[in-house]
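Here's the letter readout for the chains.
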Amino acid sequence: ASKINPDNEWYSLSLSDAFQRNRQYQESIEILNKLIKSHPEKIEYYNKSAMLYILYGKYNDAINVYNILESKIGINEEISLQKQKIFLEMNKIYKAIDEIHKLINKFPTEVKYYEILAELYMLNKDEQNAFNTYNKILEIDKYNSSVHLSLASYYRNKGQKEKSFEQLKIAFSNEGLNI
């Protein structure tokens, strides 16, 4: 059907799905790229293409698709977090950190982005920036029990048992803490 009527969007999409189910990712991606060219307004085609690139192991191509999508719709959580995960998979921690900074710049009071950033810093053994980020979270939400637990761990690793215990007390006194 797609060969007979190559301009039919639904036939092309069905063929792309069939290729994907049969793990013929390159063929599926080629069809999606044609669909993107003929229907640049359809965001779902970009997302599908990027996901296939990830499955196919072509991380740079996935990042490029997400960058194009981001230029169309702006910075948003789904795209930035997906790019962050890809950068981590590629062992590009600083690029992952940059993605989270973009989210923080757009949504400066969203605590979860700071939490992700602090985790990335800890993953990169950058304890000072992680510590600074934990404190920034407390400026926004001083009752954030997960940050107090993270600070307890930070102080314990530094050998500061009294400060560690104090952070644990604060965390455990919060009724919102999920035991």
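Keep in mind the model is a prediction, meaning the values are calculated, not measured.

Could you give an account of the packing of aromatic side chains, with specific residues and numbers?
Between two aromatic rings, the relevant description is the distance of the centres plus the angle of the planes. Under the defined criterion, the tally for this structure stands at five aromatic pairs. Measuring from centroid to centroid gives 6.1 Å for F107 and Y113, while their planes differ by 45°, and the two rings are tilted. The exposure class assigned to Y113 is buried, which follows from its relative accessible area of 4%. Joined through ring pairs, the aromatic side chains of F131, Y154 and Y155 make up one cluster.

Describe the nonpolar core, naming the residues involved and giving the relevant values.
In this structure, I100 and L151 are the most contacted members of the largest nonpolar core, which totals 44 residues. Elements represented by at least two residues in this core include exactly α2 (25–38), α3 (43–55), α4 (59–73), α5 (77–89), α6 (93–106), α7 (111–123), α8 (127–140) and α9 (145–157). Element by element, the count of residues in this core is highest for α7, at seven residues. Excluding residues that lie within four positions of it along the chain, I100 makes contacts with L81, Q84, Y113, I116, L117 and L120.

For the side chain of H148, give the residues involved together with the corresponding values.
For H148, the location among the structural elements is in helix α9. Of note is the side chain of H148, whose polar atom sits 2.6 Å from the side chain of Q167. In this structure H148 touches L138, K142, Q167, I170 and A171, once residues within four positions along its chain are discounted.

Any chance you could break down α8 for me, citing the residues and the numbers?
With 14 residues, α8 extends 20 Å between its outermost C-alpha atoms, agreeing within 8% with the 20 Å of an ideal straight helix rising 1.5 Å per residue. Among the residues of α8, those classed as buried are A130, F131, T133, Y134, I137 and L138. When α8 is viewed along its axis, its buried side chains cluster within an angular range of 160° and face the same direction.

Which residues make up the pattern of salt bridges, and what are the values?
Evaluation of the coordinates by the stated rule reveals 10 salt bridges. Put simply, E77 and K112 hold a salt bridge, and the shortest N to O gap is 3.1 Å. One end of the pair, E77, is in helix α5; the other, K112, is in helix α7, and 35 residues separate them in sequence. Residues participating in the shared-partner salt-bridge network are E70, K83, E99 and K102.

About the thresholds
Residues numbered from 1 in each chain as written. Predicted model: local features only at pLDDT ≥ 70, side-chain atom pairs only at ≥ 80, totals over all residues. Heavy atoms only, no water. Phe/Tyr/Trp six-rings, centres within 6.5 Å; stacked < 30°, edge-to-face > 60°. Buried < 20%, exposed > 50% of the residue type's maximum accessible area, 1.4 Å probe, protein only. Core = buried A, V, L, I, M, F, W, Y, C linked by side-chain atoms within 4.5 Å. Helix = DSSP H or I, 4+ residues; strand = E, 2+ residues; numbered from the N terminus. Contact = heavy atoms within 4.5 Å. Polar contact = N/O pair within 3.5 Å; in protein donor to acceptor, adjacent residues only side chain to side chain. Expected span 1.5 Å × (residues − 1). Arc of directions from axis to C-beta. Salt bridge = Lys/Arg side-chain N within 4 Å of Asp/Glu carboxyl O.

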